[in-house]
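A look at the structure
Below are the chains, spelled out letter by letter.
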Amino acid sequence: EGGEHMQRSEGKTALERMGVGPKLWLCLGFTLAILFVKNIFFGIAVIVASVFVVVHEDKLGLFKVILMTSLVLFVSMYGIYGTMAPGLDKASEPVWFYIGSLPYWRSGIDYATRYYFNVVPLMCALFPLITSIDMGDLGALLRKMGLSQRAAFVFIDSFQLIAQLSRDMQQIKDAQMARGLRVDGNVFQRLKAFVPIMVPVVANSLIKIQDQAVALETRGFNAPGDKTVYRELSYTKTDSFVRMASIFLGLGAICYRVLVVAAVVKPLSGAIS
């Protein structure tokens, strides 16, 4: 058993070696903390720590999608809400500052900040955790939690299907480009190149679905009787510490929000209304 555990851990990063259960607890803890603490400084700290973890775990390539999404949200939310300021009485509130000829009001910036620092820190925090989850371990955990084999299979296969379609699409796109297909240019050129790429992707997906159905039937997926889980989940002392820290983080965030709403304690500096 020790040799098997060593073989599984070989070549994996610290986050990948962490058990799937503690990762789910971390996801819950960060979600509760970000939604209930509502603090700019805490949100910035979560973003910076998440970027550090992503770089350390060598996941920066895929994380660029999150960064681009965060940048688009920043420009759109602060650009739109800062100038429009929903519910603002422009006659009574002075302009906070100007960018060119566009006026920006503080209430509009506060409105954008309220939603931006709920969404972006959560995306950054959950990204390294979710992308490092082993789907086999997650399936075993769901089965041990009492979820039916069909529901567990559909849940796990949905995540794997997205990644598989992305890889197939990139491979077919590269193959078609090697044959002279132009995939860049104006909108009409891109739409023209869409069909030669999507038709093989769909056909390849149908073939893989059929192969998967045959494989499941061969392994007795629909056979009557109780199903067993061959994969044993083992947790370390670090996993137990992470689990307890996640529970403490979530409960602490809930208690903090309750005390702030009840006016027992004052919000921390940088609090978002």
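Our subject in this report is the structure included herewith. This structure is a prediction, so every number in the text was calculated from the model and none was measured. (Residues numbered from 1 in each chain as written. Predicted model: local features only at pLDDT ≥ 70, side-chain atom pairs only at ≥ 80, totals over all residues. Heavy atoms only, no water.)

With respect to the helices and strands, the residue Asn 118 is situated in helix H6 (residues 106-131). For Asn 118, a relative accessible area of 15% corresponds to the buried category. (Helix = DSSP H or I, 4+ residues; strand = E, 2+ residues; numbered from the N terminus. Buried < 20%, exposed > 50% of the residue type's maximum accessible area, 1.4 Å probe, protein only.)

The next thing to look at is H6. Because the α-helix completes a turn every 3.6 residues, residues three or four places apart line up on one side. Taking 1.5 Å of rise per residue, the 26 residues of H6 would be expected to cover 38 Å, and the 37 Å separating its terminal C-alpha atoms lies within 8% of that figure. The largest bend along H6 measures about 30° and falls at Tyr 116. (Expected span 1.5 Å × (residues − 1). Bend = angle between axes of the 7 residues up to and from the residue.)

Our next topic: the side chain of Lys 59. Along the polypeptide, Lys 59 turns up in the loop between helix H4 (40-56) and helix H5 (60-84). Look at Lys 59 and you get buried, because its relative accessible area is 15%. In this structure, Lys 59 is in contact with Glu 16, Val 54, Phe 127, Thr 131 and Ser 132, ignoring residues within four places of it in sequence. (Contact = heavy atoms within 4.5 Å.)

The grouping of Met 68, Leu 71, Phe 74 and Val 75 at the surface amounts to a nonpolar patch, some 400 Å² of accessible area in total. Tracing the sequence through the fold places Phe 74 in helix H5. (Patch = residues over 30% accessible without salt bridge, like charges linked within 9 Å, V, L, I, M, F, W, Y side chains within 5 Å. Areas by Shrake-Rupley, 256 points an atom, 1.4 Å probe, with all protein chains shown as cover. Salt bridge = Lys/Arg side-chain N within 4 Å of Asp/Glu carboxyl O.)

For the rest of this paragraph, the subject is the packing of aromatic side chains. A complete count under the given rule lists six aromatic pairs for this structure. With 5.8 Å between their ring centres and 70° between their planes, Tyr 78 and Tyr 116 make a pair best called edge-to-face. In this pair, Tyr 78 sits in helix H5 while Tyr 116 sits in helix H6, placing the two residues 38 residues apart along the sequence. Residue Tyr 78 shares its accessibility class with Tyr 116, and that shared class is buried. With a centroid separation of 5.2 Å and an interplanar angle of 55°, the aromatic rings of Tyr 111 and Tyr 115 are classed as tilted. A residue pair is termed a helical-turn pair when its members lie 3 or 4 positions apart in one helix, as Tyr 111 and Tyr 115 do in helix H6 at four residues. Among the residues examined, Tyr 115 registers a relative accessible area of 38% and is labelled partly exposed. Put simply, the rings of Phe 74, Tyr 78, Tyr 116 and Phe 117 touch in pairs and so form one group of aromatic residues. (Phe/Tyr/Trp six-rings, centres within 6.5 Å; stacked < 30°, edge-to-face > 60°.)

Counting residues in each nonpolar core, the largest one holds 14 residues, and the members touching the most others are Phe 63, Ile 66, Tyr 78, Tyr 116, Phe 117, Cys 124 and Phe 127. Mapped onto this core, the elements with two or more residues apiece are H5 and H6. Ranked by residue count, the leading element in this core is H6, at seven residues. Not counting the four nearest positions on each side in its chain, Phe 127 is found in contact with Val 54, Lys 59, Leu 62, Phe 63 and Ile 66. By size, the runner-up hydrophobic cluster in this structure holds eleven residues, among which are Cys 27, Ile 34, Val 46 and Val 242. (Core = buried A, V, L, I, M, F, W, Y, C linked by side-chain atoms within 4.5 Å.)

On to H4. Look at H4: 24 Å from first C-alpha to last across 17 residues, which is about the 24 Å you get at 1.5 Å a residue. Residues of H4 that are buried: Gly 43, Val 46, Ser 50 and Val 54. The buried side chains of H4 occupy one side of the element, clustering within an arc of 65° when seen end-on. Exposed residues lying more than 90 degrees from the buried face of H4 are Phe 41, Val 48, Phe 52 and His 56. Of the surrounding elements, those touching the buried residues of H4 are helix H3 (20-37), H5 and H6. (Arc of directions from axis to C-beta.)

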